Amino acid sequence: MLEHVQQNIQKFQLITTGQKLVVGVSGGADSLVLLHILNQLAPRLGIIIHAATLDHQLRGAESAGDVRFVQQICHEWGVDVTLGQADVAQLAQKQQLGIEAAARVARYDFLAHVAEKVGATSVAVAHHMDDQAETVLMHLMRGAGVHGLAGMALRSPVPGHTELSLIRPLLQVSRAEIEAYCEQHDLIPCHDSTNSDTSLLRNAIRLDVLPMLAEYTPQVRPALARLAEIAAVEDDYLQQHVLLFSQSAAVTVSPRQISIDRNAFQGLHSALQRRLLIWAIGQLGSSEDTAAQLVIYAIEIAKRGQQGAIALLGGGFRLRVNYNIFVVEAENNAEIDQHNPLLPINFSLNINVPSRHLFDGWTLESTMILPSESKMVCRLSVPEGSDVVLRTRQVGELFAPLGMNGHTQKLSRWMVNHKIPKVIRHQVPLLVINNIIAAIALNHEWFVSEVFAVRNNDEPIIYFQFLENS
């Protein structure tokens, strides 16, 4: 199996030479085998691995014991490891999530945090072929489309942390092969007692549904995995055509809405019409809460609705007919002020003080004198000789918002929390001082970093102000 995994890693270019890789390890058979294999392959592939294990605090002493087990194994195998804890029950209550969903959020947030700490760009997890079969069957039961049937990919973004890659080197390996590997190499994994709880849907599918289906179709697991692979290829084909259409003159993207020409939309195949709506919602936020029936109804409104007709899309979004076009937008259409200053993507400009810079519809003034006009003023404590840059965001950046006692969070997460539509996140103006984000301009406000907040008037203060051109 070692050679099989290595071939897949190289064939699909999951890992590159010189890379640092975080490996998620729970102590169960799957993740233990993944760590064992990657530890052996590391010298061959020229990579460095770093293990990460999280106590979800759901099983008391048992889960704490699993963390100690992983720590001991990593010590024996010479692998660096980071330990973590998360109160998943509290997280579930706070974010109104199920326990499984909350555990997933906590786990990926933790793995992303470890990756950031150790300088890794990828995270490896131990999903395997049987997990894929369970996922596809779950999605099938929920009425998923082609995208859902594609299941898990060998490589995808880390959920909630799209700047990181999530790789699954064991995705084409069966559970039976993993168990045989454990026996062959005398690996004794931990046992998670919650895996026997059939009140959880995935456990019920694994322990009850799939074994029953296997009585009629012994190869049901690899068959479902094949379905996922076929669906993934077709899903990619559809997505490419959607992106091609989205770049045409028929589609107009703005900070608050996406407008689509009704005649051009009418000419698309129904499969592309559905996917285009899902794409549009995803650009403004998230399409996870958009049900298929809502999309189908919205398409009818888009094609045949009269001026002003509205179809709800779920997740706080709607489709609204406007003569020869229809728009996809938030239901209240007020997440981002229409007159918020935006910069071109990948924009960067060094700022001297004092200075005045003109942009599309805006002027940024920087001065050491308090402006007479009080709107959109940012007051920062800037050390003498500092490099000041106005630019857009970069991958993996952190921000220390005022009021968090200097604690940082991912800029991407901050933007999600402030409901900034995905389509403009790479255009929001950032003031960056000495390579640290000092302030963010949003909705006629400045969000200031704890690092550069003014504590007293004796400090060297610089004022920055966006003024809307008349």
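Residues numbered from 1 in each chain as written. Predicted model: local features only at pLDDT ≥ 70, side-chain atom pairs only at ≥ 80, totals over all residues. Heavy atoms only, no water.

Here we look at the overall build of the chain
- In terms of regular secondary structure, the chain is built from 14 helices and 22 strands.
- Projected onto its principal axes, the C-alpha coordinates of the chain cover approximately 75 × 60 × 40 Å.
- Each of the 470 residues in the chain was classed as buried or not, and the buried ones make up 48%.
- The contacts in the chain between residues at least 6 apart in sequence include a share of 68% that link residues at least 24 apart.
- As displayed, the chain has an accessible area near 23700 Å², and 51% of this comes from carbon and sulfur atoms.
- Of the side-chain charges in the chain, 36 are positive and 46 negative, and the distance between the mean point of each set is 5 Å. (Helix = DSSP H or I, 4+ residues; strand = E, 2+ residues; numbered from the N terminus. Buried < 20%, exposed > 50% of the residue type's maximum accessible area, 1.4 Å probe, protein only. Contact = heavy atoms within 4.5 Å. Areas by Shrake-Rupley, 256 points an atom, 1.4 Å probe, with all protein chains shown as cover. Lys, Arg positive; Asp, Glu negative; His and termini not counted. Charge placed at Lys NZ, Arg CZ, Asp CG, Glu CD.)

Overview of the sheet that holds strand 14 (residues 362–367)
- Strands sit in the order 13-14-22-15 across an open sheet of four strands; the sheet is antiparallel. Looking along the sheet, the strands with just one partner apiece sit at the ends: strand 13 (355–359) and strand 15 (377–381). Taken over all neighbouring pairs, the strand axes of this sheet differ in orientation by 15° on average, direction set aside.
- Both strand 14 and strand 22 (residues 461–468) contribute to a ladder of six bridges, which runs antiparallel. Across the sheet, Ser366 pairs through a bridge with Phe464, a residue of strand 22. (Pairing = 2+ DSSP bridges. Axes fitted to C-alpha atoms, helices over the stretch in contact; angles between N-to-C directions.)

Describing helix 2 (residues 29–45)
- For helix 2, which comprises 17 residues, the first-to-last C-alpha distance of 23 Å matches the rise-based estimate of 24 Å (1.5 Å per residue) to within 8%.
- The sharpest bend along helix 2 reaches about 30° and sits at Asn39, with the proline Pro43 one to four residues further on.
- Most of helix 2 is tucked away, with 12 of its 17 residues classed as buried.
- Within the sequence span of helix 2, burial applies to Ala29, Ser31, Leu32, Val33, Leu34, Leu35, His36, Ile37, Leu38, Leu41, Ala42 and Leu45.
- Buried residues along helix 2 sit in contact with helix 1 (2–11), strand 1 (20–24), strand 2 (48–55), helix 3 (61–77), strand 4 (122–124) and helix 8 (175–184).
- Residue Gly46 follows helix 2 closely and has a positive phi angle near 70°. (Expected span 1.5 Å × (residues − 1). Bend = angle between axes of the 7 residues up to and from the residue.)

Here's the deal with the sheet that holds strand 9 (residues 310–314)
- Judged by pairing direction, the sheet is antiparallel, and its five strands sit side by side in the order 7-8-11-10-9 without closing on themselves. Strands at the two margins of the open sheet, each flanked by one partner only, are strand 7 (251–253) and strand 9. Across the sheet, the axes of successive neighbouring strands diverge by a mean angle of 20°, strand direction being ignored.
- Pairing of strand 10 (residues 317–322) with strand 11 (residues 325–330), which is carried by six bridges, proceeds in the antiparallel orientation.

With respect to the pattern of salt bridges
- Under the definition given, this model contains 19 salt bridges.
- The closest approach of N and O atoms between Asp66 and Arg59, which form a salt bridge, is 2.8 Å. Comparing Asp66 with Arg59, the two get one shared label, buried.
- Among the ionic contacts, a cluster of salt bridges with common partners joins Asp130, Asp131, Glu134, Arg175, Arg202 and Arg221. (Salt bridge = Lys/Arg side-chain N within 4 Å of Asp/Glu carboxyl O.)

Quick look at the packing of aromatic side chains
- Scanning the model with the defined rule gives five aromatic pairs in all.
- Measuring from centroid to centroid gives 4.9 Å for Phe265 and Phe326, while their planes differ by 75°, and the two rings are edge-to-face. Of this pair, Phe265 sits in helix 11 (residues 262–266) while Phe326 sits in strand 11, and the two are 61 residues apart along the sequence.
- On the numbers, 5.6 Å between centres and 85° between planes, the contact of Phe399 with Trp414 is edge-to-face. (Phe/Tyr/Trp six-rings, centres within 6.5 Å; stacked < 30°, edge-to-face > 60°.)

Topic: the packing of helix 9 (residues 201–216) against helix 10 (residues 220–246)
- Where helix 9 meets helix 10, the closest approach of the two axes is 9 Å, and the angle between their N-to-C directions is 100°. The angle between helix 9 and helix 10 falls in the class roughly perpendicular. Two secondary-structure elements touch here, helix 9 through Arg206, Leu210, Pro211, Leu213 and Ala214 and helix 10 through Val220, Arg221 and Leu224. (Parallel < 35°, antiparallel > 145°, perpendicular 65-115°, else oblique.)

Focus: the pairing of strand 9
- Of the pairings in the sheet, the one linking strand 9 to strand 10 comprises four bridges and is antiparallel in character. By the bridge assignment for strand 10, Ala311 is matched with Leu319.
- Where strand 9 hands over to strand 10, the hairpin turn is made up of two residues, of which Gly315 adopts a positive phi near 65°.

A closer look at the pairing of strand 11
- Burial analysis of strand 11 places five of its six residues in the buried class, the great majority of the element.
- Counting the residues in the hairpin turn of strand 10 and strand 11 gives two residues, including Tyr323, whose phi is positive at 60°.

Looking at unusual backbone geometry
- Between Val353 and the following residue, Pro354, the backbone shows a cis peptide bond with an omega angle of -5°.
- Its place among the elements puts Pro354 in the loop between strand 12 (348–350) and strand 13.
- One non-glycine residue, Asn434, lies in positive phi territory at about 50°.
- You can see Asn434 is positioned in the loop between strand 19 (430–433) and strand 20 (436–442).
- Phi is positive for Asn435, which is not a glycine, with a value near 65°.
- When you line up the elements, Asn435 lands in the loop between strand 19 and strand 20.

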